[in-house]
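Residue-level listing of the chains:
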Amino acid sequence: MTAFALSDGNSFYCSCERVFDPKLEKRPVIVLSNNDGCAVARTSEAKALGIKMGQPYFQIKDLCRQEGVVALSSNYALYGDMSRRMNVVYNRFSPETEVYSIDETFLDVEHVPRKDRTAWASELRATTCQWTGIPTCVGIGPTKTLAKLANKAAKTLATGVLDLTDPDEQARVMADFPIGDVWGIGRANQAKLLALDIQFAGQLRDMEPKKARGIMTVVGEKIVHELNGRSCMDLESVAPQRQGCAVTRSFGQRVTSRIEMEQAVAGYATRLGEKLRRHGLATDYVTVFMHTSPFNDDEPQRNVSMTVDIPEATNDTMQLIKAARRAVEGLWKSGYRYSKAGIVTQDLVPPGLAQRSLFDGLDHDRAAKVMAAMDEANRRWGRATVVPAAVGIASRSPFTTKFEMRSPRYTTRWDELPVCR
């Protein structure tokens, strides 16, 4: 019988911080998004104070000061490396895994006898905590949706483990499991289900699959099947090809000049090119957007976007910057204080399958060599060691992302290693 486990790190970003700073234990801790904008991770102590996920930091700054909440900037280099270390542990416990997100991994547990799965999960938790310092919860089920549900429910248990392989146990847990917490039920579908007085997972499980499809498309039908123990989703040990890619950032301070916006968007296009090349993909259009802060009602508001076609699908940074700057030229309007911008693309294809332009004069071989050399330099000596001149000098850019409260990157930077004195 097919069986899945889902292991995830508890308050993962905050737990990574606690591994290297024991003084944070038992204290309320939050980690903030780019530019220290809003809370994206909270310990249980911070949640108890009423701090909500995604709450802007300026709204809770006084509360944090009064209650002794430790607020930290995002430290993505640290979190990514700690995630990698956790998955090294997982690969020792299962022959096949799927990294679902930075803090969540599905594991195949079909090889573990049913009676031994709770003990197996407890050992997985103990080993992960001992080797990495990250506390986890593990949910087990015959489908990925039930494993996800079990993981959510396990967070309320002292053991941190819940096996929903048994149908009677499934029924007990789903009887009062909120419908909004079921994997795949977004806000829109939650509203539709609540309007039908479907409040709990058990009620959704008992719905006719065709009716669920009519309400929530084929996704809803699959959820009903999965809640009934019929697996519709396999492990994806090889990540599926990306369909889209985006680079968006809030500015460190408001952008009011066109040259600054052009440099910012050129930087995002540069990062987009790096991502596309890493995944062996290309795009034939980009969409650039920019907007003011929705939190400043006393300032004029503007939210605009533009899509620019590229004659031939490419991952060449210079071509992406050229298209992005054309968008800025078409969108720019003075008199506004822009707080965020970004570049987005969809319908990605492998470069080898892209149709060549009849009138394209680009030297593709030369461009590919230039991009490869730039990527290698940035890989060896650090991101943004070599960038196109259109990006400007990062250290002088007013739109550079702020990390004013970031902890050291303990595991990836020699000059930030902890020192015993």
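Rules used throughout
Residues numbered from 1 in each chain as written. Predicted model: local features only at pLDDT ≥ 70, side-chain atom pairs only at ≥ 80, totals over all residues. Heavy atoms only, no water. UniProt positions renumbered as here; feature names shortened; annotations may be inferred. Helix = DSSP H or I, 4+ residues; strand = E, 2+ residues; numbered from the N terminus. Rg over C-alpha atoms; globule rule 2.2 N^0.38 Å. Buried < 20%, exposed > 50% of the residue type's maximum accessible area, 1.4 Å probe, protein only. Contact = heavy atoms within 4.5 Å. Lys, Arg positive; Asp, Glu negative; His and termini not counted. Charge placed at Lys NZ, Arg CZ, Asp CG, Glu CD. Core = buried A, V, L, I, M, F, W, Y, C linked by side-chain atoms within 4.5 Å. Salt bridge = Lys/Arg side-chain N within 4 Å of Asp/Glu carboxyl O. Axes fitted to C-alpha atoms, helices over the stretch in contact; angles between N-to-C directions. Left-handed = near helix turned anticlockwise from the far one by under 90°. Parallel < 35°, antiparallel > 145°, perpendicular 65-115°, else oblique. Nonpolar A, V, L, I, M, F, W, Y, C, P; charged D, E, K, R; others polar. Pairing = 2+ DSSP bridges. Expected span 1.5 Å × (residues − 1). Bend = angle between axes of the 7 residues up to and from the residue.

Per an unreviewed UniProt entry, the protein chain carries the name DNA-directed DNA polymerase and comes from Devosia oryziradicis. In UniProt, the protein chain has this text filed under Cofactor (unreviewed entry): "Mg(2+)".

Right, let's get into the overall build of the protein chain. On a plain count of helices and strands, the protein chain comes out with 13 helices and 12 strands. A compact globule built from 421 residues would reach a C-alpha radius of gyration of about 22 Å, and the protein chain, at 24 Å, matches this within 12%. For the protein chain, the C-alpha atoms occupy an extent of roughly 65 × 60 × 45 Å along the three principal directions. Taken across its 421 residues, the protein chain has 47% of its residues classed as buried. Here the analysis covers contacts within the protein chain between residues at least 6 apart in sequence; of these, 67% occur between residues at least 24 apart. Of the side-chain charges in the protein chain, 56 are positive and 50 negative, and the distance between the mean point of each set is 4 Å.

So, on to the nonpolar core. In this structure, Phe 251, Met 261, Leu 272, Met 290, Tyr 338 and Ile 343 are the most contacted members of the largest nonpolar core, which totals 33 residues. At the level of secondary structure, the elements contributing two or more residues to this core comprise β9 (244-255), α11 (258-278), β10 (283-292), β11 (303-314), α12 (317-331) and β12 (338-346). For this core, the leading source of residues is α11, giving 8 residues. Setting aside its immediate chain neighbours within four residues, Met 290 contacts Met 261, Arg 302, Asn 303, Val 304, Val 328, Leu 331, Trp 332, Tyr 338, Lys 340 and Ala 341.

The final tally for this structure, using the stated rule, is 22 salt bridges. Note that Asp 8 and Lys 155 form a salt bridge whose closest N and O atoms lie 2.9 Å from each other. Taken together, the residues span a long stretch of sequence, with Asp 8 in strand β1 (residues 4-9) and Lys 155 in the loop between α6 (144-154) and β8 (161-163) at a distance of 147 residues. On the accessibility criterion, Asp 8 (5% relative accessible area) is buried. Across the salt bridge formed by Asp 415 and Arg 413, the nearest N and O atoms sit 3.5 Å from each other.

A few words on the packing of α11 against α12. One can describe the packing of α11 onto α12 by two numbers: an axis separation of 8 Å at closest approach and a directional angle of 145°. Relative to α12, the crossing made by α11 is right-handed. Counted together, Arg 258, Met 261, Glu 262, Val 265, Ala 266, Ala 269, Thr 270, Leu 272, Gly 273, Leu 276 and Arg 277 of α11 and Thr 317, Leu 320, Ile 321, Ala 324, Arg 325, Val 328 and Glu 329 of α12 form the full contact between these two elements.

Before going further, it helps to spend a moment on the environment of Leu 196. Summarising the element assignment, Leu 196 is placed in the loop between α8 (187-195) and α9 (201-205). Taking the C-alpha atoms as reference points, Leu 196 and Phe 295, 99 residues apart in sequence, are found 35 Å from one another.

On to the packing of α6 against helix α7 (residues 167-174). Remark: α6 packs on α7, axes separated minimally by 11 Å, with the N-to-C direction vectors making an angle of 60°. As summarised for this structure, α6 and α7 are arranged oblique, according to the angle between their axes. In terms of crossing hand, the pair formed by α6 and α7 is left-handed. For the pair α6 and α7, contact is made by Leu 146, Leu 149 and Ala 153 and by Gln 170, Val 173 and Met 174, respectively. For the contact of α6 with α7, the residue count by class is 5 nonpolar, 1 polar and no charged.

The buried fraction of strand β7 (residues 136-141) is high, at 6 of 6 residues. The two faces of β7 match: Thr 136, Val 138 and Ile 140 on one face and Cys 137, Gly 139 and Gly 141 on the other face are all buried. Note: β1 against β7, 6 bridges, orientation antiparallel. Opposite Leu 6, over in β7, you have Gly 139 as the bridge partner.

Here strand β5 (residues 97-101) runs beside strand β6 (residues 104-108); their pairing, made up of 4 bridges, is antiparallel. Within β6, the position partnered with Thr 97 by the bridge is Leu 107. The antiparallel hairpin formed by β5 and β6 contains 2 residues in its connecting segment.

The terminal C-alpha atoms of helix α10 (residues 209-227), which comprises 19 residues, lie only 11 Å apart, well short of the 27 Å expected from a rise of 1.5 Å per residue. Remark: the principal bend of α10, roughly 140°, maps to Met 216. Within the span of α10, buried status applies to Pro 209, Ala 212, Ile 215, Met 216, Gly 220, Glu 221, Ile 223, Val 224, His 225, Glu 226 and Leu 227. Those residues of α10 that are buried lie in contact with α6, α7, α8 and α9. Positive phi appears at Gly 229, one or two residues downstream of α10, with a value of about 85°.

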